[in-house]
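Coordinates in review
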Amino acid sequence: MTSLSVAHQPRSNAAAPATVEQRPLFGWLFALAVVCTVAAYARAIYFTPIEALQGASQKIYYVHVSAAMSAYLALGILAVLSIVYLWIRDERADRLAESAGEVGLLFLTVVLTSGPLWGKPIWGTWWTWDARLTLTLFLWFLTAGYLVMRGAIEDTAMRARYSAVLGILAALLIPFIHLSVYMFNTLHPKPILLKPDRPSMPNEMLVTFFAMWVAFTLLCLALIRARYHYAVDRDALRALESGGGDA
Amino acid sequence: MSVLEADRLTRAFGGRRAVSDVTLELNGAECLALFGPNGAGKTTLLRLLAGLLKPTAGTARIDGEALRGDPTARAQVGFISHQSMLYDALTVRENIELAARLYGVADARRATEKVLCEMRVLERAETRVRALSRGLQQRVSIARALVHRPRVLLLDEPYTGLDALGAAALTETLERLRRDGGGGNGGATMVLVTHNIDEGLALATHAAVMHGGRVLRLERREELDSTSYADEYRELVGGAA
Amino acid sequence: MRPALLTATWLVARKDLAIEFRTRTAFLAVLVFAILGVAIFYFAWDSTAVAAIDLAPGVLWVIFTFSGLLSLQRSFGVEQADHAMDGLLLSPIDREAIFLGKALANFVFVAGIQFVTIPAVALLYNLPSGRAVAILLAIALLAAVGLVAVGTLFSAMAANTRLAELLLPMLSLPFFVPVVYGAAQATATLLAGRPAAEAWPFLKLLIAFDLVFLFACTLAFPFTLEE
């Protein structure tokens, strides 16, 4: 072996941070989403007929169902990104999964609050263990657990790996929860006074549903995007703070 | 083909490179004494060479086989650190026999007896580890690393906590291993991390200094001047030792 | 010759069980918790409104879940002291063997708890027969597989985080729901003397869960190791 001598150390091994773009957190997509949401709300409240059997409170259902769709979209993104992360180990996948998780939790909370608000006047109770609400409840627990676990891990690589593992396992769990709830409901019929099946919808209601769904989907994507940009900035700041002092 | 090889090994944690572009080669019956201040990356380098860590870039090889993803290469390595890696509720014998079985040693019982004898802890074989003094635990920990007769021995400050008797037993064992050791294929290859320059140079055939994740200086034992080495070392690491 | 997967699994499991047997305090503590819980539940119910025998399955499965969690908490603690886990990782055994060995040891631990708790439930809640106890034990063993598969993995993960004792239940409990549901419904069906065919869908749910998650968690375990 030959002897090596190195004259001096390079100053820092951390990648020099790129100039942070001056971009607003909430961009054009968010503005578009807000406009669509306001329009959809307006349509739902003022321009859609009141449902005969359930009355005005039925209109919460537009929000309830659309929020559920958005929640599933966000969590679906989380599940896919978990697989992607374990495959390519790119931290951007992890950041996007984190953002999707938070936004998903937000929409799940909307579902869980709008459900009882709708249910009380219709069913007479705040809570029923119906399929969607129960599944949403468990998704809420899983997502909250995901975010709490992320908060409890300092090391970024470990956090990303653990989150990805949890995301994939949670995705595997969903069919089992679904099946359990389905079996529970079919085998234990509940005594409820009024069982509002989804009535056949006149066109105006369908259009409103569609409008609300589009608006919430845009909102979901816009929020994920904004949250992702926040995560990028936050991580860049952390890298600057910790990378500065090493030789 | 060398026994132990590091080929541009790099390991980063987040944005920080703990080990940066380290290349070295060692053959049988060679011992590299690795010096360096705290935080220089010596432990990380050892863990990379043991297969406990995955390199960010570069490769670690044993007998030409890359360590990553190859359990048989891992089986050639013995690793000693200041963590004992022992189960303190089990006895000395149980710990060593477990290690022997995990490595697939043919006659685990006999190999255990032998190594306990070498490290002079045979009379405490049935004692639970938690009842032993720190120094004895260290000896048992060393026995655990040697029971499968590794070709490559990685030692991270092994003299920590050893009394004079234990230190002598260790030096004797290491010397013997280096000369004829291994699996009967000639002497073992060793990397010894230590803060004590004299202790390190006593066993070494090669010496290196690490700082800031890089190997600053690497040479054969006979090429260096042991009297001035300590001073040169201090100068090299700029008083950060 | 490096040990095969099953051999290595058995080595790890035997080691864990030896350590557990040496100290025994964890087992006794969980056992006391389980039986105390069973007793307390009895007083929490209006025994005139609900017959003890109808109450028993619910109580049993709730206690099964929480004593299971307690059992799992200690699972990776032993590897953290003195970095003993490094010793396992350095050796040439498959990473999956570490997981399966620990899961097997946890299974034996949980089964041991159930072997005492279930007869205790039968005694305190006046279950009619030995047949009831046998049914409960069999289903408990089936449920324990799923519980232990998920719980061992999350125990490994939680051990490396700041909120270990909080995270293990928080992450695991949603996963235990299909297990508890399947087990409780199967138990209730069989104890009420209804035909076994009625219990079969619940048992299928349980078995499917066990298989899927034993497989998935074994595969996931290497990803949770720092490398």
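Presented here is a report on the structure given in the accompanying data block. Model, not experiment: these values are computed from the prediction. (Residues numbered from 1 in each chain as written. Chains lettered and ligands numbered in written order. Predicted model: local features only at pLDDT ≥ 70, side-chain atom pairs only at ≥ 80, totals over all residues. Heavy atoms only, no water.)

Running from amino to carboxyl end, helix H5 (residues 156-187) of chain A crosses helix H7 (residues 130-159) of chain C at an angle of 155°, the nearest separation of the two axes being 11 Å. What the angle tells us is that H5(A) and H7(C) run roughly antiparallel. Relative to H7(C), H5(A) is oriented so that their crossing is left-handed. Taking contact as the criterion, the partners of A:Tyr162, A:Val165, A:Leu166 and A:Leu169 in H5(A) are, on H7(C), C:Leu153, C:Phe154, C:Ala156 and C:Met157. (Axes fitted to C-alpha atoms, helices over the stretch in contact; angles between N-to-C directions. Helix = DSSP H or I, 4+ residues; strand = E, 2+ residues; numbered from the N terminus. Parallel < 35°, antiparallel > 145°, perpendicular 65-115°, else oblique. Left-handed = near helix turned anticlockwise from the far one by under 90°. Contact = heavy atoms within 4.5 Å.)

As a further point, take the interface of chain A and chain C. Every contact between the two is made by 31 residues of chain A and, on the other side, 31 residues of chain C. Between chain A and chain C the total buried area reaches about 2,600 Å² when both faces are included, carbon and sulfur atoms providing 80% of it. Remark: the boundary between chain A and chain C carries one salt bridge. Of the charged contacts, one joins C:Arg162 and A:Glu154 as a salt bridge, the two residues approaching to 2.3 Å between their closest N and O atoms. In this assembly, chain A and chain C are joined by eight residue pairs in polar contact (both at pLDDT 80 or more). The set of elements that each furnish at least two residues to the side of chain A that touches chain C consists of helix H4 (131-151) and H5 of chain A. With 16 residues, H5(A) is the single largest residue contributor to the side of chain A that touches chain C. (Buried area = accessible area lost by both parts, 1.4 Å probe. Salt bridge = Lys/Arg side-chain N within 4 Å of Asp/Glu carboxyl O. Polar contact = N/O pair within 3.5 Å; in protein donor to acceptor, adjacent residues only side chain to side chain.)

Enumeration according to the criterion identifies 38 salt bridges over all chains in this entry. Counted as one network, the salt bridges with shared partners bring together A:Glu91, A:Asp94, A:Arg95, A:Glu98, A:Glu102, A:Arg150, A:Arg227, A:Arg234, A:Asp235 and A:Arg238.

Now for the sheet that holds strand S4 (residues 57-62) of chain B. All names here are of chain B. Reading across from one edge, S2-S1-S4-S5 is the order of the four strands in this open sheet, with antiparallel pairing throughout. Bordering the open sheet on either side are strand S2 (16-26) and strand S5 (65-66), each of which pairs with just one other strand. In this structure, S4 lies alongside S5, joined through two bridges in antiparallel fashion. Its bridge partner being in S5, Arg61 is matched across the sheet by Ala66. (Pairing = 2+ DSSP bridges.)

Residues and elements named next belong to chain B. Pairing between strand S1 (residues 4-13) and S2: seven bridges, direction antiparallel. By the bridge assignment for S2, Phe13 is matched with Arg16. Hairpin connection between S1 and S2: a loop of two residues separates the two successive antiparallel strands, and Gly14 in this loop has a positive phi of roughly 65°. The sheet contact formed by S1 and S4 spans five bridges and is antiparallel.

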